[in-house]
Amino acid sequence: SEFDARVQRLGELSRILSDAGLIFITALPSADGYTLERLRLLSQPNELLVVTVDGDPSAGPAALALESHASLDEKVDAVLGLLADYRVIPDYCI
């Protein structure tokens with residue numbers, strides 16, 4: 001299906017960019033546990049951090065759950081905090 005092809009492309013792109021030392025962030029509405037596991041496998045050995053909005057239970061466990069009513073600044077701070085916690089980005093600003 002077209003959705004499966006999109007997931008395949010996202011996984012491959014994620015691995016290429018992550019292997020180059022970049023952070024790859026994308027939105028994938030209606031991703032379920034099976035889809036996220038496929039992305040994890042395609043992204044290996046790099047890590048996949050899942051962020052959900054309003055705690056969608058079909059996506060399985062998430063590293064971070066955002067509330068849709070939170071402000072944009074709160075959401076950005078939460079994602080930056082997650083990336084710092086996982087040591088993806090340094091925990092300092094210049």
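Residues numbered from 1 in each chain as written. Predicted model: local features only at pLDDT ≥ 70, side-chain atom pairs only at ≥ 80, totals over all residues. Heavy atoms only, no water.

S.K.: Could you clarify how one ought to interpret the layout of surface pockets in this entry?
M.R.: Rolling a probe over the atoms, with the probe sized like a water molecule, indicates the empty space that remains. The calculated volume of the largest pocket comes to roughly 1,100 Å³. Along the wall of the largest pocket there are 33 residues; nearest its centre are Ile-25, Thr-26, Leu-49, Val-50 and Val-51. For the lining of the largest pocket, the element with the most residues is helix H1 (residues 2–19), which contributes four residues. (1 Å grid on protein atoms, 1.4 Å probe; cavity = no way out; pocket = protein on both sides within 12 Å on 5 of 7 lines; lining within 4 Å. Points joined across faces, edges and corners; volume = space filled by probe spheres on them. Helix = DSSP H or I, 4+ residues; strand = E, 2+ residues; numbered from the N terminus.)

S.K.: Even after reading the chapter, I still don't get the confidence of the model for the protein, so can you show me in this structure?
M.R.: In the predicted model, the protein carries a mean pLDDT of 87, and the fraction of residues at 70 or more is 96%. Within the protein, the lowest mean pLDDT, 87, falls on strand S1 (residues 51–53), and the highest, 92, falls on helix H3 (residues 72–85). (pLDDT = per-residue confidence, 0-100.)

S.K.: Just checking my understanding: could you explain the packing of H1 against helix H2 (residues 33–43) for this structure?
M.R.: The contact between H1 and H2 brings their axes to 8 Å, and the two run at 35°. Seen from above, H1 lies across H2 with right-handed handedness. Here Phe-3, Asp-4, Val-7, Gln-8, Leu-10, Gly-11, Ser-14 and Arg-15 of H1 lie close against H2, whose contacting residues are Thr-35, Arg-38, Leu-39, Leu-42 and Ser-43. Grouping the amino acids of the contact of H1 with H2 by side-chain chemistry returns five nonpolar, five polar and three charged. (Axes fitted to C-alpha atoms, helices over the stretch in contact; angles between N-to-C directions. Left-handed = near helix turned anticlockwise from the far one by under 90°. Contact = heavy atoms within 4.5 Å. Nonpolar A, V, L, I, M, F, W, Y, C, P; charged D, E, K, R; others polar.)

S.K.: For this particular structure, what's the right way to read the environment of Gly-55?
M.R.: With respect to the helices, strands and loops of the structure, Gly-55 is situated in the loop between S1 and strand S2 (64–66). Residue classification places Gly-55 among the partly exposed positions, given a relative accessible area of 37%. Measuring from C-alpha to C-alpha, the distance between Gly-55 and Glu-67 comes to 7.6 Å, with 12 residues separating the pair along the chain. Once residues lying within four places of it in the same chain are set aside, the contact partners of Gly-55 are Ala-65 and Leu-66. (Buried < 20%, exposed > 50% of the residue type's maximum accessible area, 1.4 Å probe, protein only.)

S.K.: What is the right way to read a nonpolar patch on the surface from this model?
M.R.: There is a patch of nonpolar side chains on the surface, built from Ile-23, Ile-25, Tyr-86 and Val-88 and spanning about 390 Å² of accessible area. Relative to the assigned elements, Val-88 resides in the segment after H3. Among the residues examined, Val-88 registers a relative accessible area of 39% and is labelled partly exposed. (Patch = residues over 30% accessible without salt bridge, like charges linked within 9 Å, V, L, I, M, F, W, Y side chains within 5 Å. Areas by Shrake-Rupley, 256 points an atom, 1.4 Å probe, with all protein chains shown as cover. Salt bridge = Lys/Arg side-chain N within 4 Å of Asp/Glu carboxyl O.)

S.K.: Help me out: how do you make sense of unusual backbone geometry in this one?
M.R.: Phi is mostly negative for residues that are not glycine, and the peptide bonds are mostly trans. The peptide bond linking Gln-44 to Pro-45 adopts the cis configuration, its omega dihedral lying at 10°. Examined against the element boundaries, Pro-45 turns out to sit in the loop between H2 and S1. Despite not being glycine, Arg-87 shows a phi value in the positive range, around 60°. Relative to the helices and strands, Arg-87 resides in the segment after H3.

S.K.: For this particular structure, what's the right way to read the nonpolar core?
M.R.: Soluble globular proteins tend to bury their nonpolar side chains together. Formed by Val-7, Leu-10, Leu-28, Ala-31, Leu-36, Leu-39, Val-50 and Ala-59, the largest nonpolar core amounts to eight residues. Secondary-structure elements contributing two or more residues to this core are H1 and H2. Apart from residues no more than four positions distant in its own chain, Ala-31 is found in contact with Leu-36, Ser-58 and Ala-59. (Core = buried A, V, L, I, M, F, W, Y, C linked by side-chain atoms within 4.5 Å.)

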